[in-house]
Amino acid sequence: MKRIIFIIVLFFAAIAISPILIGEKGYILIAMGNITIESTVVTATMMLVALFITLVFSLKILRGGLNLSIGTWNKIAFASQRKAMRNFNKGISAYILGDNQQAEHLLVKSAEPSNLEHIAYLLAASAADKQGLASNTKHYLAQIDDSQKNLKDVGLESVLITVQLLINHEEFSQARELIDNHHKHIGHDDRLLSLEIELSLIEKRYSYVVDQLVAARKSKIITDEKVENWESVAFLGAFNEQIQQHDKDTLNNYWNNLARKVKQREQVIYAYCQVLATHNINQPLSKILLPVVKKGANEKLLKQIRKLPLTHTDELIQAVQKHLHHDQHSAKWLSCLAHLAACTEQWPMAEKAFNSLVQLEGKQYDKTDLQTFSKVLEKQDELPKAIEVLNKIVEY
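Owing to the predicted nature of the structure, the values given are computational and were not obtained by experimental measurement.

Criteria and thresholds
- Residues numbered from 1 in each chain as written.
- Predicted model: local features only at pLDDT ≥ 70, side-chain atom pairs only at ≥ 80, totals over all residues.
- Heavy atoms only, no water.
- Disulfide = S-S within 2.5 Å.
- Helix = DSSP H or I, 4+ residues; strand = E, 2+ residues; numbered from the N terminus.
- Buried < 20%, exposed > 50% of the residue type's maximum accessible area, 1.4 Å probe, protein only.
- Axes fitted to C-alpha atoms, helices over the stretch in contact; angles between N-to-C directions.
- Parallel < 35°, antiparallel > 145°, perpendicular 65-115°, else oblique.
- Left-handed = near helix turned anticlockwise from the far one by under 90°.
- Contact = heavy atoms within 4.5 Å.
- Nonpolar A, V, L, I, M, F, W, Y, C, P; charged D, E, K, R; others polar.
- Arc of directions from axis to C-beta.
- Salt bridge = Lys/Arg side-chain N within 4 Å of Asp/Glu carboxyl O.
- Lys, Arg positive; Asp, Glu negative; His and termini not counted.

Trainee: Explain the state of the cysteines to me, please; I cannot follow it from the model alone.
Mentor: Covalent bonding between the sulfur atoms of two cysteines is what defines a disulfide. Tallied over the full model, the rule gives zero disulfides. A disulfide-free cysteine, C343 has its sulfur positioned 9.5 Å from the sulfur of C336, the nearest such atom.

This is the structure in structure tokens:
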């Protein structure tokens with residue numbers, strides 16, 4: 001810096017001394033209309049240099065001021081957005097910690113200023129849903145409805161959450177529209193397939209669900225328990241459709257056309273038996289149930305048989321009695337006999353079987369047994385005993 005000042009001083013000194021040394025100051029005359037400006041070369045040069053230096057310093061000062069002004073403007077202009085981002089981050093943290101009320105408030109507050117409307121409203125809808133605030137959930141979902149169209153921007157996960165929330169709040173038509181808009185992804189994403197099946201069951205598209213269950217069984221993320229639950233509902237609905245819209249022959253043909261491995265599944269068998277029993281189609285019903293009882297290997301299906309509204313049980317009772325002949329203390333067969341006898345109002349036989357069952361060690365009966373036992377006693381006007389059995393249900 002000192003060197004620069006020295007050079008400037010030396011430069012001015014040279015300009016000032018040089019005319020003296022050469023004995024000629026030199027003059028400059030500038031005429032503009034009636035105005036004339038007269039000066040020596042030295043003075044004019046010094047003024048020009050001074051003017052140049054002044055301009056340089058002025059520009060430097062203005063540039064610093066300009067930078068300061070832009071920084072201040074940015075600070076003021078984006079203050080609301082920074083505050084929105086703080087609220088958004090706090091809202092996410094509250095959502096993760098389970099403070100759904102605070103999460104909903106902060107996320108909605110930050111949605112528009114943060115330019116993250118989609119994810120903010122989506123999480124706010126989920127937080128409201130967890131609080132049971134249906135109207136709030138629907139309102140937030142309406143705010144993000146249009147943005148669901150661009151899957152590249154929002155991601156399929158966002159669509160999945162939205163569909164689930166719509167189903168939770170019985171907005172089935174909107175959920176259907178959203179799934180149909182992304183239907184091509186069902187074959188590639190099992191989560192969307194799962195939602196498609198759930199919604200289709202609500203819409204009573206049972207035959208369609210039966211077809212989709214093939215893909216669901218191949219899925220690595222859908223549990224067997226969930227598939228079995230869907231299977232029970234779907235096939236019960238599909239079987240009912242056949243007989244209600246057509247006749248029992250159509251139902252029989254539908255059953256016969258099912259794959260062999262499908263007809264061996266407990267859920268499918270029980271669903272078919274429910275429809276047969278409800279409509280008193282006894283011959284094919286006995287054809288299915290009698291082998292099950294004779295083999296006695298499928299205990300789960302045997303327990304389900306207890307709930308069927310059977311009207312013809314003679315062959316089944318005979319098969320059960322054969323098992324009891326070999327093991328008269330079998331809880332499985334005593335329960336089965338008691339329920340079969342109760343179905344056809346053979347009250348004394350049912351009561352005897354239930355008495356034997358409840359006297360076994362270790363409480364080998366369940367609530368279904370107790371409920372039917374109470375009904376059997378009531379039908380025989382044994383009300384005190386019936387009440388006593390009902391009290392056991394409460395204690396069970």
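Trainee: Would you take a moment to explain the environment of K322 for this structure?
Mentor: Relative to the assigned elements, K322 resides in helix α18 (residues 314-326). By relative accessible area, K322 is classed as exposed at 59%. C-alpha of K322 to C-alpha of W333: the two residues are 11 residues apart in sequence and 9.6 Å apart in space.

Trainee: Honestly, the packing of helix α19 (residues 331-343) against helix α21 (residues 367-379) in this entry has me stumped. Any pointers?
Mentor: In helix packing, the relevant descriptors are the interaxial angle and the interaxial distance, both defined with respect to the helix axes. Contact geometry of α19 with α21 gives a least axis separation of 11 Å together with a crossing angle of 40°. Viewed along their axes, α19 and α21 adopt a mutual orientation that is oblique. Where α19 crosses over α21, the two elements pack in a sense that is left-handed. Along its contact with α19, which presents S335, H339 and A342, the element α21 presents T368, D369, T372 and V376. Residue classes in the contact of α19 with α21 are distributed as two nonpolar, four polar and one charged.

Trainee: Mind showing me how you'd approach helix α6 (residues 134-144) here?
Mentor: A turn of α-helix holds 3.6 residues, and therefore any two residues three or four places apart point the same way. The complete set of buried residues in α6 reads T137, Y140, L141 and I144. One face of α6 carries all of its buried residues, which in axial projection span an arc of 100°. Residues S135 and A142 are exposed on α6 and point more than 90 degrees away from its buried face. Where α6 is buried, its residues touch α4 (100-110), α5 (117-130) and α8 (156-168).

Trainee: How do you make sense of the pattern of salt bridges when you look at a structure like this?
Mentor: Any two side chains of opposite charge can pair, given that their charged atoms come close. In this structure the tally under the stated criterion is 14 salt bridges. We note a salt bridge from K300 to E266, for which the minimum N-O separation is 3.7 Å. Remark: E266 occurs in helix α15 (residues 266-278) and K300 occurs in helix α17 (residues 299-305); sequence separation between them is 34 residues. The class of E266 is partly exposed, set by a relative accessible area of 21%. Each member of the salt-bridge network shares a partner with another, and the members are R176, D180, E196, E203 and R205.

Trainee: Sorry if this is basic, but what is going on with the side chain of E351 here?
Mentor: For E351, the location among the structural elements is in helix α20 (residues 347-358). Here E351 is buried and forms no salt bridge, its nearest opposite-charge partner K385 lying at an N-O distance of 4.5 Å. Residue contacts for E351: discarding those within four places in its chain leaves F373, V376, L377, Q380 and E382.

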